[in-house]
Amino acid sequence: MKKAIILCLILLLLSASLFGCSDSGGENGTEENSEIAEAMTDQSFSSPFSSVKEEDLKLSDDVIRDILSDVPLDRYEIYPDRHIIPLSATLYDGDKATPININDPRLISLINFYNNSVYHGYYSYTQGVLSTSDLESAESESKRLVLTYAPYGEELATLYDTIIVTEKWFVAVCHDVPAYDGEYPDTAFGHIPLYNYYDWLELFDF
């Protein structure tokens, strides 16, 4: 009899433990959000979309568009230690601010291309942290696409809270993280895919 009671108590404790865990959405959101994210991502990622070298001449828009035609636009590819799906995406054009749906094929393609270029090393970058004036210039560009992320991990690439895409380059920002012993209130770097300035917003049809 005692054994039966003890067995029942153990089963009750196990059931409570299991049901208590299954209701939690965790820091990444609800179970529904997790399913949405899973449906929008591809655990594999592409080989380099271009073999362009840093010393090559600037490519024509037609050549760039041909490169971009190979970039997946239906699923976000998962690159190690990179931000993937943004929390929000907003296109600023003059005084107009337009929210961009995270399912937008243009956005998916742009992020896949950017991550691919950086992950495989086909990009240039600023040697040091952007000055406050350079960051403010990017943040006030007449036309810009602003992506926001939740920082995580320890790699710098996952600690950015914002990526600003301009007609010139991608600016990755850690706001409120001082640089150069507090000389700059934020830490930001400029990234230039395929080693040259191209009108990325136009090329991705924003």
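Thresholds, definitions, all that
- Residues numbered from 1 in each chain as written.
- Predicted model: local features only at pLDDT ≥ 70, side-chain atom pairs only at ≥ 80, totals over all residues.
- Heavy atoms only, no water.
- Core = buried A, V, L, I, M, F, W, Y, C linked by side-chain atoms within 4.5 Å.
- Buried < 20%, exposed > 50% of the residue type's maximum accessible area, 1.4 Å probe, protein only.
- Helix = DSSP H or I, 4+ residues; strand = E, 2+ residues; numbered from the N terminus.
- Contact = heavy atoms within 4.5 Å.
- Expected span 1.5 Å × (residues − 1).
- Phe/Tyr/Trp six-rings, centres within 6.5 Å; stacked < 30°, edge-to-face > 60°.
- pLDDT = per-residue confidence, 0-100.

**Looking at the nonpolar core**
Formed by 43 residues in total, the largest nonpolar core has its most connected members in Leu107, Leu145, Trp200 and Phe206. Those elements giving two or more residues to this core turn out to be helix H3 (61–68), strand S3 (88–93), helix H4 (105–119), strand S6 (143–148), strand S7 (162–165), strand S8 (170–174) and helix H7 (200–203). The element contributing the most residues to this core is H4, with seven residues. Not counting the four nearest positions on each side in its chain, Leu145 is found in contact with Thr90, Leu91, Ile100, Leu107, Leu110, Ile163, Ile164, Val165, Leu201 and Phe206. With nine residues, the next largest nonpolar core counts Leu135, Ala138, Trp169 and Ala188 among its residues.

**A word on H4**
Relative to the 21 Å expected for 15 residues at 1.5 Å per residue, H4 spans 21 Å between its end C-alpha atoms, a close match to the ideal helical length. Of all the 15 residues making up H4, twelve are buried; the element is thus mostly covered by neighbouring parts of the structure. For H4, the complete set of buried residues consists of Leu107, Ile108, Ser109, Leu110, Ile111, Asn112, Phe113, Tyr114, Asn115, Asn116, Ser117 and Val118. Looking one or two residues past H4, Gly121 carries a phi angle of roughly 85°, positive in sign.

**Brief notes about the packing of aromatic side chains**
Enumeration according to the criterion identifies nine aromatic pairs in this entry. When the ring of Tyr79 is compared with that of Tyr119, the centres are 5.7 Å apart and the planes differ by 55°; the resulting orientation is tilted. Of the two residues, Tyr79 sits in the loop between strand S2 (76–77) and S3 while Tyr119 sits in helix H4, which places them 40 residues apart along the sequence. A relative accessible area of 1% means that Tyr79 is categorised as buried.

**What to know about the confidence of the model for the protein chain**
It should be kept in mind that the predicted coordinates are not to be read in detail where pLDDT is low. Per-residue pLDDT for the protein chain averages 82, and the proportion of residues at 70 or more is 80%. Segment residues 1–34: pLDDT under 50, and one contact once partners within four positions in sequence are set aside and those in other chains are kept.

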